Amino acid sequence: MKTDYIELYTDYLISSNGKATATGLSAMTDNEVSHDQVTRFLSRNEFGSKELWKQVKKTVREIESEEGCLIFDDTVQEKKWTNESNIMCWHFDHTVGKSVRGINMLNALYYSEGVSIPLSFEIIEKYQYSDIETKIVKRKAPKTKNELMREMILTAVKNQVKFKYVLMDSWFGAKENFEFIKKYKKEFISSIKSNRLIALSLEDKRQGKFIRVDEVELSDQESIRGYLRGYEKEVLLVRRIFTNKDGITGILNLVCSELTLDGNSISTIYEKRWKVEEFYKSLKHNVDFASSPTKTIRTQSNHIFLSILSFFKLECLKMKHNLNHFAMRARLLIKANQMAYQELLILKGA
């Protein structure tokens, strides 16, 4: 019988306890699948968003709704000691405010009816070039993450995925993205930086009277209409005021294109964006996203694809058993420990 390596590899990532290796997968199958077969599988295929869509399409159709959300965010997985390449290089990580060496990935996560499904992803590749003036060798991606995001939105539209809102952070809060989203009759909710300029009336806009967003006096979840500088259409500005774990007060400014909503509704919808943080957490802790020993661009990219697909399988199991990803993993590991304990008793009694 022909081995389904995608099914086998993703099952291994979900069930393994420790760093993912081809040797470990082979051992799990009692050597029915060899180390070399696993290596060839990772080396010969080239998986990407098209293959991901084929895998998730059926489930998307089952849970999609007109009020669905398309959530965009990128993550940088730091890898200090891995050899540099077009994908394993220096990227700016806005969560820490500096450049780190590792893999940068842009993700489109679809959220509807309490279910999170990865729709597409792009691993950022940066190619080397020599600066004409300084002669210093640098790296640059052929497309910006904003351009890639717009392509991913278009793909979702062409695939007829039902969604109403595009949720994103300030990194993607550019007028070109806003215009693109509205072009396809979708709505956006985005955080924006405090130094963005806004006019609080059409008359102020015409007279060029713009003020900084952080100068607008708003209470928590209060909204006001206005015009962002450079963007023609009217938006709603909403302020969120919250207290961090360290007791420091934080402020988040949101803009929304749907003018019929109030501040509370916008805040509630935008909270769904944090589902992408749950996605990253599960990727890193439950399916060995960052622990692969792969060394080439192709094998590293394929492992990332299979990690994302493993997350999707966990999400399907969550729907079936009403257990979150960490609870399911704990259940598997407890079972593994019980079996290991029984084997130890046998060895001790031999």
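Scroll up to find the structure this text is about.
Rules of the game
- Residues numbered from 1 in each chain as written.
- Predicted model: local features only at pLDDT ≥ 70, side-chain atom pairs only at ≥ 80, totals over all residues.
- Heavy atoms only, no water.
- Helix = DSSP H or I, 4+ residues; strand = E, 2+ residues; numbered from the N terminus.
- Buried < 20%, exposed > 50% of the residue type's maximum accessible area, 1.4 Å probe, protein only.
- Contact = heavy atoms within 4.5 Å.
- Areas by Shrake-Rupley, 256 points an atom, 1.4 Å probe, with all protein chains shown as cover.
- Lys, Arg positive; Asp, Glu negative; His and termini not counted.
- Charge placed at Lys NZ, Arg CZ, Asp CG, Glu CD.
- Patch = residues over 30% accessible without salt bridge, like charges linked within 9 Å, V, L, I, M, F, W, Y side chains within 5 Å.
- Salt bridge = Lys/Arg side-chain N within 4 Å of Asp/Glu carboxyl O.
- Pairing = 2+ DSSP bridges.
- Right-handed = clockwise from strand over helix to strand, strands pointing away.
- Arc of directions from axis to C-beta.
- Phe/Tyr/Trp six-rings, centres within 6.5 Å; stacked < 30°, edge-to-face > 60°.
- Expected span 1.5 Å × (residues − 1).
- Bend = angle between axes of the 7 residues up to and from the residue.

> Kindly report on the overall build of the protein chain, identifying the contributing residues and their values.
Each helix and strand counted, the protein chain has 11 helices and 13 strands in total. Considered along the principal axes of its C-alpha atoms, the protein chain spans approximately 85 × 55 × 45 Å. Here the protein chain, with 350 residues, has 45% of them falling under the buried criterion. Taking as baseline every contact in the protein chain between residues at least 6 positions apart, the subset at least 24 positions apart corresponds to 61%. When the accessible surface of the protein chain is split by element, carbon and sulfur atoms take 50% of a total near 19,000 Å². The protein chain carries 55 positive and 46 negative side-chain charges, and their two centres are separated by 3 Å.

> Tell me about a nonpolar patch on the surface, and please be specific about residues and values.
On the surface, a nonpolar cluster with roughly 280 Å² of combined accessible area is contributed by Y341, L344 and L345. Structurally, the position occupied by L344 is in helix 11 (residues 325–349).

> Describe the side chain of S310, with residues and values.
Mapped onto the secondary structure, S310 falls in helix 10 (residues 297–321). Judged by its relative accessible area of 0%, S310 is buried. S310 has contacts with T10, L13, I14 and V287, leaving out every residue within four places of it along the chain.

> Can you explain the pairing of strand 8 (residues 187–192)? Please cite residues and give values.
For strand 8, the tally of buried residues reaches 6 of 6 residues, placing the bulk of the element in the interior. As judged from the 4 bridges shared by strand 7 (residues 165–168) and strand 8, these two strands associate in the parallel manner. From the neighbouring strand, L167 faces strand 8, where its bridge partner is I189. Traced from strand 7 through helix 6 (residues 175–183) to strand 8, the parallel crossover comes out right-handed. Two strands pair when backbone bridges link them, and strand 8 and strand 13 (residues 249–256) are joined in this way by 4 bridges, in the antiparallel orientation. In the sheet register, S191 faces strand 13, and the bridge partner there is L254.

> Explain unusual backbone geometry to me, and be specific about the residues and the numbers.
Backbone geometry at Q160 places phi at a positive 60°, although glycine is not the residue there. Mapping Q160 onto the fold places it in the loop between helix 5 (145–158) and strand 7. A positive phi is found at N322, a non-glycine position, where the angle reads about 55°. Counting through the fold element by element, N322 comes out in the loop between helix 10 and helix 11.

> I'd like a description of the pattern of salt bridges, backed by residues and values.
Enumeration over the complete set of coordinates arrives at 21 salt bridges. Where E67 meets K164, a salt bridge forms, and the shortest distance between an N and an O atom there is 3.8 Å. Of this pair, E67 sits in the loop between helix 4 (49–63) and strand 1 (69–78) while K164 sits in the loop between helix 5 and strand 7, and the two are 97 residues apart along the sequence. E67 gets classed as partly exposed once you look at its relative accessible area, which sits at 46%. Using a relative accessible area of 22% as the deciding quantity, one classes K164 as partly exposed. Put simply, E7, D11 and K313 are held in one network by salt bridges that share partners.

> For helix 3 (residues 35–44), give the residues involved together with the corresponding values.
Among the residues of helix 3, those classed as buried are V38, F41 and L42. Each buried residue of helix 3 sits inside an arc of 90° when the element is viewed along its axis, so together they form one side. Where helix 3 is buried, its residues touch helix 1 (5–15), helix 2 (22–28) and helix 10.

> How would you explain the environment of G114 if you had to name every residue and give the values?
Counting through the fold element by element, G114 comes out in the loop between strand 3 (98–112) and strand 4 (115–123). Take G114: its relative accessible area is 36%, and that puts it in the partly exposed class. The sequence separation of G114 and K272 amounts to 158 residues, and the corresponding C-alpha distance is 9.5 Å.

> I'd like a rundown of the environment of T155, residues and numbers included.
Secondary-structure assignment places T155 in helix 5. A sequence separation of 36 residues divides T155 from L119, and the C-alpha atoms of the two residues are 9.6 Å apart.

> I'd love a proper account of the packing of aromatic side chains, names of residues and values included.
One pass over the structure, following the stated rule, counts 12 aromatic pairs. Judged by centre distance (5.9 Å) and plane angle (50°), the rings of F41 and F47 are tilted. Residue F41 shares its accessibility class with F47, and that shared class is buried. Centre to centre, the rings of F188 and Y231 are 6.0 Å apart; their planes meet at 70°, and the pair counts as edge-to-face. Residue F188 is located in strand 8, and its partner Y231 is located in the loop between strand 11 (223–228) and strand 12 (235–243); the two are separated by 43 residues in the primary sequence. For the pair F188 and Y231, one class covers both residues: buried.

> Describe in detail helix 4, supporting the description with residues and values.
Look at helix 4: 20 Å from first C-alpha to last across 15 residues, which is about the 21 Å you get at 1.5 Å a residue. Of all the bends in helix 4, the greatest measures close to 50° and is centred on V56. Along helix 4, the positions that sit buried rather than exposed are L52, W53, V56, T59, V60 and I63. Residues of helix 4 that are buried make contact with strand 3, strand 4 and helix 10.

By themselves, these are just geometric observations and shouldn't be taken as functional.
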